[in-house]
Amino acid sequence: MKKVHLAFAATLLGATAMAAPAHADVKIGLLAGVSGPIAPMAPPMIDAAQLAVQQVNEQGGILDGQKLVTVVGDSACNPQNATDAATKAVNIEGVIAIVGPYCSGAVLAAANSVTVPAGITMITPSGTSPEISRLDDKDLVYRTVPSDDFQGRALARTLLERGTDRVAVAYLNNDYGKGLAEAFKSEFEERGGEITAFAAHEDGKASYRSDLAELAAGGADTLVIFDYGDGAGLTMLRQALENGFFENFVGGDGMKSDAPIKALGAENLTTFTASSPVGETSQALELFNEVFKAAGGDPDAIFVTTSYDATFLAALAIEKAGGDKTKVAEALRSVSDGRGEVILPGEWRKAKELIAAGTDIDYEGAAGDHDFDERGDVPGAYALFKVEDGAFVVDAEMK
Amino acid sequence: MDFLEFVNFYIVPGLVLGSIYALGAVGITLVFAILRYAHLAHGDMATLGAFVAFAAVTLAGVPLYAALPIAMVATALVAVGIDRLFYDYLRERPRIVTVMASLGVALMVRSVVQVIWGVDAETYTRGIVRPENWWGIRLKDREIATVLTMIGLVLCLQLFLMKTKWGKAMRAMSDNPNLALLSGVDNAKVVFVTWMIVGGLCAAAGFFLGLNTELKSMMGWQMLLPMFAAAILGGVGRIEGAVIGGLVVGVVEEVSVMFLPSEYKAATAFAILLVMLIVRPTGLLRGKVL
């Protein structure tokens, strides 16, 4: 009886294998924070990733002319959703590599419980927590965005240079907020700055006035907020402005969102600045900007360059690895190690030919060269942005 | 810290927050008392109400406070519809089935909000409103409106329950549904009236939450725990208890920051809920034991 069942199952399996097209699509997972506190940032990031996929498919496809497709999952910027979405992408959709998730906590959870055990390479375009560097990831987790360890320190130095030496720090109690705040604190204090209050807060509360009162009690007139501009950071900024707790406000990259401008009005944000990673001006960046603008995207939106690069790199690595998911990580390092023929954004056909010929290639992306260090990190450049005419403009470069 | 500072930055925000919790808790306590289950879609119905008011303000150009009654009526009708579609069908099954169904309804309502209005943070009015100084106490007009409307709505509800036929029927059903049925109370109508009231209160809670902060698709869900804590603290089934519970939870959350690291603020409602269930399960005003 058992044998009959087995035979039947085998026939079925054979039938499905035959029914499948000879060239199955090659899938990569795109774990985006579609809902949750960074939801407004997600659509341009997804568009940028889809642009890379579109270029691959227009220029000969991946591997043997197969189609590269993205499987979009919602990581909702929290660990549970990210784990669910990653599990679905890896186990059900059978993706070869993952781009995302967008939030640090989500990256850590998805990597620890799903992708690292499954041996899937993950490239996050926006998970910036220093914790990700410390992850025991068997060399499978990469990012195209610099660690917040750099950003926190750069922001601390910039503030001190501008003569702000007493600040209060409020940070969101998650991997992102905490990592950034701690990097900031250590550099700020080391260089002689004084932090009068340093407090975490939870997301999603209706009132932060008592938190703000405690923060203001130290007497600093500058509040540094490491939070999301569409989440608690916005509520906090509003209540601090309305009640006059602080005069100046400084945010990290999460605060560089259009939500504060839309909700509070640019006229109320004259003393608000936010730091954010910027692409160093390069031929690659110009190339990307041009194409992305032509496709109807906004190249100045946050994390679009890193998102594009992460996706393009994933495609290059899959091509180089010949579609073998166990070799993707190794291939990823080899296509971006600074050695070989330079490949710029969009040059898929050229890259494909070179890989086929066995030549070394080196991708230089819109956001940077992406020469990953041993922890899968990239160095970065930052700028401080201020609000002018209802949009963020660069106020100063940060070193 | 002087006394005025304490009032301005801890007590006033606590009372405003508490009024919003109270509006939600009154609805939760009514469902508990009359229908006898925990309604987990309460927070997301509040979100829906807030966004209906948002649509009225932005699309139809309705004045801000006039949007409140519109949202209340609309959400009340949705609440009745949800009851007809999902809960009514499960009335004879064990209560836990309905509780789980309400969790599903919560996710559906939230998704509908996200599909229609998106996931960006929205506000009723652009810009910021600075508080006015009333003899040293700093209040915004919307904060005064929040507290006064809460008190007004609860007084109306109390009068309705005490004086009208349907109010008395609701109380009868809360005390003993079988006896109420035998005495000729039409259960279906009582359920209808209950959901109308609960839906309206949900919308009011959502509206004032949105007015005092921003509108987000997760806003109601995140208020669910403090609202339940308030309902249980006050005594399940007791309207005035829910109000007191809401105000206590709101003020304790704000004041807790003085004594605890601020990341534990969100846990205060949990702590109140736990302590109350252990020490005095009937709540402050001796409600039902669950």
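Residues numbered from 1 in each chain as written. Chains lettered and ligands numbered in written order. Predicted model: local features only at pLDDT ≥ 70, side-chain atom pairs only at ≥ 80, totals over all residues.

## With respect to the overall build of chain B
- Secondary structure summary: chain B contains 11 helices and two strands in total.
- Ordering the α and β elements of chain B from the N terminus gives α-α-α-α-β-β-α-α-α-α-α-α-α.
- On C-alpha atoms alone, chain B measures out to a radius of gyration of 19 Å, which is about the 19 Å that the 2.2 N^0.38 rule sets for 290 residues.
- Along the three orthogonal principal directions, the C-alpha set of chain B runs to about 60 × 50 × 35 Å.
- Look at the contacts in chain B between residues 6 or more apart in sequence, and 75% of them connect residues 24 or more apart. (Helix = DSSP H or I, 4+ residues; strand = E, 2+ residues; numbered from the N terminus. Rg over C-alpha atoms; globule rule 2.2 N^0.38 Å. Contact = placed C-beta atoms within 7 Å.)

## A closer look at the packing of helix α3 (residues 79-92) of chain A against helix α4 (residues 104-118) of chain A
Residues and elements named next belong to chain A.
- Here α3 crosses α4 at 30 degrees, and the two axes come no closer than 8 Å. Taken together, α3 and α4 sit at an angle that is classed as roughly parallel. In this structure, α3 meets α4 at a crossing whose hand is right-handed. In this structure, α3 uses P79, A82, T83, A86, T87 and V90 to contact α4, whose residues at the interface are G105, A106, A109, A110, S113, V114, T115 and A118.
- Each residue belonging to the contact of α3 with α4 can be placed in one class, and the counts come to nine nonpolar, five polar and no charged. (Axes fitted to C-alpha atoms, helices over the stretch in contact; angles between N-to-C directions. Parallel < 35°, antiparallel > 145°, perpendicular 65-115°, else oblique. Left-handed = near helix turned anticlockwise from the far one by under 90°. Nonpolar A, V, L, I, M, F, W, Y, C, P; charged D, E, K, R; others polar.)

## Remarks on the pairing of strand β4 (residues 121-124) of chain A
All names here are of chain A.
- Neither face of β4 is open: one carries T121 and I123, the other M122 and T124, and all of them are buried.
- Judged from the three bridges that link them, strand β3 (residues 97-99) and β4 form a sheet pairing that is parallel. Residue pairing across strands places A97 opposite T121, the latter belonging to β4.
- Following the backbone out of β3, through α4 and into the adjacent parallel β4, one traces a crossover that is right-handed.
- In terms of strand pairing, β4 meets strand β5 (residues 141-143) through three bridges, oriented parallel. When the sheet's bridge partners are listed, T124 is paired in β5 with R143. (Buried ≥ 20, exposed ≤ 12 C-beta atoms within 10 Å, placed from the backbone. Pairing = 2+ DSSP bridges. Right-handed = clockwise from strand over helix to strand, strands pointing away.)

## A word on helix α6 (residues 165-175) of chain B
Residue and element names in this part refer to chain B.
- Listed as buried for α6 are A169, M170, M173 and S174. Projected onto a plane normal to the axis of α6, the buried residues spread over an arc of 140 degrees and lie on a single side.
- Buried-residue contacts for α6 involve α1 (3-35), α5 (141-163), α7 (177-182) and α8 (187-212). (Arc of directions from axis to C-beta.)

## Here's the deal with the environment of A33(B)
Residues and elements named next belong to chain B.
- If you trace the backbone, A33 turns up in helix α1.
- Sequence separation of A33 and S174 is 141 residues, and the distance between their C-alpha atoms is 5.2 Å.
- The contacts of A33, once residues within four sequence positions are left out, are S174, V236, G237 and K288.

## As for the interface of chain B and chain A
- Contacts between chain B and chain A engage 30 residues on the former and 29 residues on the latter.
- Looking at the side of chain B that touches chain A, the elements that each hand over two or more residues are α1, α8, α10 (239-259) and α11 (265-279) of chain B.
- Element by element, the count of residues in the side of chain B that touches chain A is highest for α1(B), at five residues.
- Partitioning the side of chain B that touches chain A into residue classes produces 16 nonpolar, seven polar and seven charged.

## With respect to the sheet that holds strand β6 (residues 166-172) of chain A
Residue and element names in this part refer to chain A.
- Here seven strands make up an open sheet; going across it, the order is β7-β6-β8-β9-β10-β13-β14 and the pairing mixed. With partners counted over all chains shown, the strands left at the sheet margins are β7 (194-201) and β14 (391-398), one partner each. Across the sheet, the axes of successive neighbouring strands diverge by a mean angle of 25 degrees, strand direction being ignored.
- With four bridges connecting them, strand β8 (residues 222-226) and strand β9 (residues 248-251) associate as parallel partners. Considered in β9, the bridge of T222 is made with N248.

## What about the UniProt feature "transmembrane region" (unreviewed entry) in chain B?
Residue and element names in this part refer to chain B.
- The sites that UniProt annotates as "transmembrane region" (unreviewed entry) are residues 6-33, 68-87, 96-117, 144-161, 190-211, 223-252 and 264-283.
- With 100% helix and 0% strand, the stretch residues 68-87 has end C-alpha atoms that lie 26 Å from each other.
- Secondary structure over residues 223-252 splits into 87% helix and 0% strand, and the C-alpha atoms at its two ends are 15 Å apart. (UniProt positions renumbered as here; feature names shortened; annotations may be inferred.)

## Considerations on the domain arrangement of chain A
Residues and elements named next belong to chain A.
- Segmentation of chain A into domains returns domain 1 (8-145 + 282-363) and domain 2 (149-276 + 381-398).
- In this structure, domain 1 and domain 2 have C-alpha centres spaced 32 Å apart.
- Listed per partner, the contact involves 14 residues of domain 1 and 17 residues of domain 2.
- Of the residues contributing to the side of domain 1 that touches domain 2, the split by class is nine nonpolar, four polar and one charged. (Domains from an automatic or database assignment.)

## Observations regarding the pairing of β7(A)
Residue and element names in this part refer to chain A.
- By the bridge criterion, seven bridges tie β6 to β7 in an arrangement that is parallel. Directly across from V169, in β7, lies its bridge partner F198.
- Taken together, β6, helix α6 (residues 175-190) and β7 constitute a β-α-β crossover, and its handedness is right-handed.

## Here we look at the confidence of the model for chain B
- For chain B, mean pLDDT is 91; residues scoring 70 or higher make up 99% of the total.
- Among the prediction metrics, the complex's ipTM stands at 0.84, with pTM recorded as 0.82. (pLDDT = per-residue confidence, 0-100.)

## Observations regarding unusual backbone geometry
Residue and element names in this part refer to chain A.
- Here the bond from G100 into P101 is cis, since omega is -15 degrees, no more than 30 degrees from zero.
- By the secondary structure assignment, P101 is in the loop between β3 and α4.
- Residue C77 is not a glycine yet carries a positive backbone phi of 60 degrees.
- On the secondary structure map, C77 appears in the loop between β2 (68-74) and α3.
- Given 28 C-beta atoms within 10 Å, C77 falls into the buried group.
- Not every positive phi belongs to a glycine, and D389 is a case in point at roughly 50 degrees.
- Turning to its location among the elements, D389 is positioned in the loop between β13 (381-388) and β14.

## Examining the sheet that holds β5(A)
Residue and element names in this part refer to chain A.
- One open sheet accounts for five strands, arranged β2-β1-β3-β4-β5; its pairing is parallel. Across the chains shown, the open sheet's two edge strands, defined by having one partner strand only, are β2 and β5. Pairs of neighbouring strands in the sheet enclose a mean axial angle of 25 degrees, with direction left out of account.

## Looking at the environment of A121(B)
- For A121(B), the position within the fold is in the loop between α4 (95-117) and β1 (132-134).
- By C-beta crowding, A121(B) is classed as buried, having 27 other C-beta atoms within 10 Å.
- With sequence-adjacent residues up to four places away left out, A121(B) is seen in contact with D230(A), L234(A), A259(A), A263(A), E214(B), L215(B) and K216(B).

## So, the packing of α1(B) against α8(B)
Residues and elements named next belong to chain B.
- Viewed as axis vectors pointing N to C, α1 and α8 meet at an angle of 165 degrees, and their least axial separation amounts to 9 Å. With respect to each other, α1 and α8 are oriented roughly antiparallel. The two elements α1 and α8 meet at a crossing, and its hand is left-handed. Taken together, the residues of α8 that come into contact with α1 (itself represented by V16, I20, L23, G24, V26, G27, L30, V31, I34 and L35) are V190, V191, T194, I197, V198, L201, C202, A204, A205, F208, L209 and N212.
- Among the residues forming the contact of α1 with α8, the class breakdown is 18 nonpolar, four polar and no charged.

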